[in-house]
Amino acid sequence: MRDQPPPTPHGPAPDLFTWEFAANPYPAYAWLREHAPVHKTKLPSGVDAWLVTRYADARQTLADNRLSKNPAHHDEPAHAKGKTGIPGERQADLMTHLLNIDPPDHTRLRRLVSKAFTPRRVAEFAPRVQELTDDLIDRFTASGSGTADLIHDFAFPLPIYAICDLLGVPREDQDDFRDWAGMMIRHGGGPRGGVARSVKKMRGYLAELIHRKREALPAEPVPGEDLISGLIRASDHGEHLTENEAAAMAFILLFAGFETTVNLIGNGTYALLTHPEQRERLQRALVEGDRGLLETGVEELLRYDGPVELATWRFATEPVVIGGQRIETGDPVLVVLAAADRDPERFADPDTLDLGRRDNQHLGYGHGIHYCLGAPLARLEGQTALATLLTRLPDLRLAADPAELRWRGGLIMRGLRTLPVEFSPPCSGQT
């Protein structure tokens, strides 16, 4: 963190959290980085919070153990009213998950689920991700219309079905999860109380599923055992995982594990379609069998316009100085990943999309002990989705003026509501 005080602002701060801001927040974040790098603002919920926008400050803040993830260190009524955290999680008794707890409980729970996201486990899951990807493309190209909404038809269902498979949700129940998840990512666009009701339904289903799986659990683990069975097995063998913890863990893996990937695929495809020279560069590499540019390209898309705009809530447990600004005990702190990842002090030409960028230690999946557990799976899904789209639909193009596209409201995530595209329908039998 910087020792010197932040510079004196020049002129009024830009408006934040408007629809215009949602469409392109980067100029406002550039102003904050320059003039008010640690900025106190009133959020749309009415909660006052500090926004941290510079890369160096952001990276250190994410790893600072004086900033707790537990909302008990803030104002309990604010959380109970859904002004912080995920709406409905308290009422549904889903608070004990990785986004709300600190060590030692965080260490214990993370250890239990980390084995599901090892590189080896993710590599074993790759054929299923490819199968899902091809199946979804088959579905929306089958009509022969040559049009689709890539959010609704592709980016949204792919990670839902993938994470359901990983958790062990039976195929016949996965469309229910799709409906509940759809309500959860509307961020106010659906009926009043819809998010909380969806969370409650998901909680009830997970409790029942955990009970059924416990009853049928074999004595010894089987190859490829699903994650919920693994959590049950751990709790039954002395790891002290309660049923509430198991349900909360399954819930947050679903919630955090799908929306980030929806936005990675959606934002990433949009960035490629609006940067044709970079898209053509990637297509050439894929045709030549070079996946190196795909790997660096997905990292660049995460940096350039990533799926998570702000890191999840942190609360000061004691006075903390960030970027020369004193933060008082109990104050909420939100690290603006989207601002940090375009900091010119850290990234050369930060507003330029360069799929071959090598020095790219972005914060798109966080930093420190709360680094995104599912990042390996999200990367696999993002790489598979983009490579398959560009290969199977080589003339994919936007079917709307970029100025007409709308971004979902909400504080933490950044993603498009819709992404209308056009393409030449594949020939009969093409795969």
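Scroll up for the structure.
Let us look at the structure shown here. Keep in mind the model is a prediction, meaning the values are calculated, not measured.

## Side note on the overall build of the protein
- Counting its regular elements, the protein contains 16 helices and 10 strands.
- Across the 431 residues of the protein, 56% fall into the buried class.
- About 18,400 Å² of surface is accessible on the protein, with carbon and sulfur atoms providing 51% of the total.

## Considerations on the environment of Asp173
- Relative to the elements of secondary structure, Asp173 occurs in the loop between α8 (157–167) and α9 (174–184).
- Distance in space between the C-alpha atoms of Asp173 and Tyr205 is 9.6 Å, their sequence separation being 32 residues.

## A look at the side chain of Thr269
- Structurally, Thr269 is set in helix α12 (residues 243–273).
- Those residues in contact with Thr269, other than ones at most four positions away along the chain, are Leu150, Leu386, Leu389, Leu396 and Leu419.

## Examining unusual backbone geometry
- If you check the backbone angles, Phe17 has positive phi at about 65 degrees while not being a glycine.
- Within the fold, Phe17 resides in the segment before α1 (19–23).

## A short note on the nonpolar core
- Core analysis: the largest hydrophobic core is formed by 70 residues, its most contacted members being Phe140, Phe154, Leu167, Phe177 and Leu419.
- No other element matches α12, which puts 14 residues into this core.
- Setting aside residues no more than four positions away along its own chain, Leu419 makes contact with Ala148, Asp149, Leu150, Ile151, Gly266, Thr269, Tyr270, Leu398 and Leu405.
- With 40 residues, the next largest nonpolar core counts Trp31, Ala36, Phe315 and Leu337 among its residues.

## Examining helix α5 (residues 105–114)
- All of the buried residues in α5 are His106, Arg108, Leu109, Leu112 and Val113. Here the buried residues of α5 occupy an arc of 165 degrees about the axis, which is enough to place them on one side.

## Side note on the pattern of salt bridges
- Scanning all chains against the criterion turns up 22 salt bridges.
- A salt bridge links Asp138 to Arg392; the nearest nitrogen and oxygen atoms lie 2.6 Å apart. Pair noted here: Asp138 is in helix α6 (residues 119–141) and Arg392 is in helix α16 (residues 375–392), with a separation of 254 residues, a long-range link.
- As a salt-bridge pair, Glu259 and Arg408 come within 3.6 Å of each other at their nearest N and O atoms. Taken together, the residues span a long stretch of sequence, with Glu259 in helix α12 and Arg408 in the loop between β9 (397–398) and β10 (420–422) at a distance of 149 residues.

## Focus: the packing of α5 against α12
- The interhelical angle for the contact between α5 and α12, taken along N-to-C directions, is 65 degrees, at an axis separation of 12 Å. Of the two possible hands of crossing, α5 and α12 adopt the one that is right-handed. Together, Arg108, Leu109 and Val113 of α5 and Glu245, Met249 and Leu253 of α12 make up the contact between the two elements.
- Of the residues assigned to the contact of α5 with α12, the class counts are four nonpolar, no polar and two charged.

## A few points about the packing of aromatic side chains
- One pass over the structure, following the stated rule, counts 11 aromatic pairs.
- Measuring from centroid to centroid gives 5.5 Å for Tyr55 and Phe347, while their planes differ by 90 degrees, and the two rings are edge-to-face. With a gap of 292 residues between them, Tyr55 in helix α3 (residues 55–62) and Phe347 in the loop between α15 (337–340) and α16 connect regions that are remote in the sequence.
- Given a relative accessible area of 6%, Tyr55 falls into the buried group.
- Classification of Phe347 by relative accessible area gives buried; the value is 2%.
- Ring geometry for Trp313 versus Phe315: centroids 6.2 Å apart, planes at 10 degrees, classification stacked. Phe315 carries the same exposure label as Trp313, and that label is buried.
- Taken together, the ring pairs connect Phe17, Phe21 and Tyr29 into an aromatic cluster.
- In this arrangement the basic side chain of Arg303 is found over the ring face of Phe347, its NZ or CZ atom lying 5.4 Å from the centre.

## Notes on the environment of Thr329
- One can find Thr329 in the loop between β7 (325–327) and β8 (332–335).
- Owing to a relative accessible area of 47%, Thr329 belongs among the partly exposed residues under this scheme.
- Spatially, the C-alpha atoms of Thr329 and Phe315 are 7.7 Å apart, while their sequence positions differ by 14 residues.
- In contact with Thr329, other than residues within four places in its own chain, are Ala316, Thr317, Glu318 and Pro319.

What counts as what
- Each chain has its residues counted from 1, running along the sequence as written.
- Given that the model is predicted, a residue must reach a pLDDT of at least 70 before its local features are reported, and side-chain atom pairs must reach 80 or more before they are shown or counted; all residues, however, enter totals for whole chains, interfaces and linings.
- The basis for every side-chain value is the complete set of non-hydrogen atoms in the structure, without hydrogens or water.
- Where helices and strands are cited, they refer to DSSP runs of H or I of at least four residues and of E of at least two residues respectively, numbered from the N terminus.
- Under the scheme applied here, a residue whose accessible area is under 20% of the maximum for its type counts as buried, over 50% as exposed, and between as partly exposed, the area being computed with a 1.4 Å probe on protein chains only.
- Where accessible areas are quoted, they stem from the Shrake-Rupley method and a 1.4 Å probe; at the residue level, only the protein chains shown are allowed to cover.
- Contacts were defined at the residue level, with two residues in contact if any of their heavy atoms lie within 4.5 Å.
- Nine residue types can take part in a nonpolar core, namely buried Ala, Val, Leu, Ile, Met, Phe, Trp, Tyr and Cys, and a core is a set of them joined through side-chain atoms within 4.5 Å.
- Along the arc lie the directions from the helix axis toward the C-beta atoms.
- One speaks of a salt bridge when a side-chain nitrogen belonging to Lys or Arg is within 4 Å of a carboxyl oxygen belonging to Asp or Glu.
- For helices, the fitted line uses only the C-alpha atoms of the stretch in contact; every axis is such a line through C-alpha atoms, and the angle between N-to-C directions lies from 0 to 180 degrees.
- For any helix crossing, the convention is left-handed if the near helix is rotated counterclockwise from the far helix by under a right angle, and right-handed if that rotation is clockwise.
- The nonpolar class holds Ala, Val, Leu, Ile, Met, Phe, Trp, Tyr, Cys and Pro. Asp, Glu, Lys and Arg form the charged class, and all remaining residues, Gly among them, are polar.
- Only rings of Phe, Tyr and Trp enter the pairing, Trp through its six-membered ring, and a pair is recorded when the two centres are within 6.5 Å. The plane angle decides the type: under 30 degrees is stacked, over 60 is edge-to-face, the rest tilted.
- By the criterion adopted, a ring carries a charge over it if an Arg CZ or a Lys NZ lies within 6 Å of its centre and within 35 degrees of its normal.

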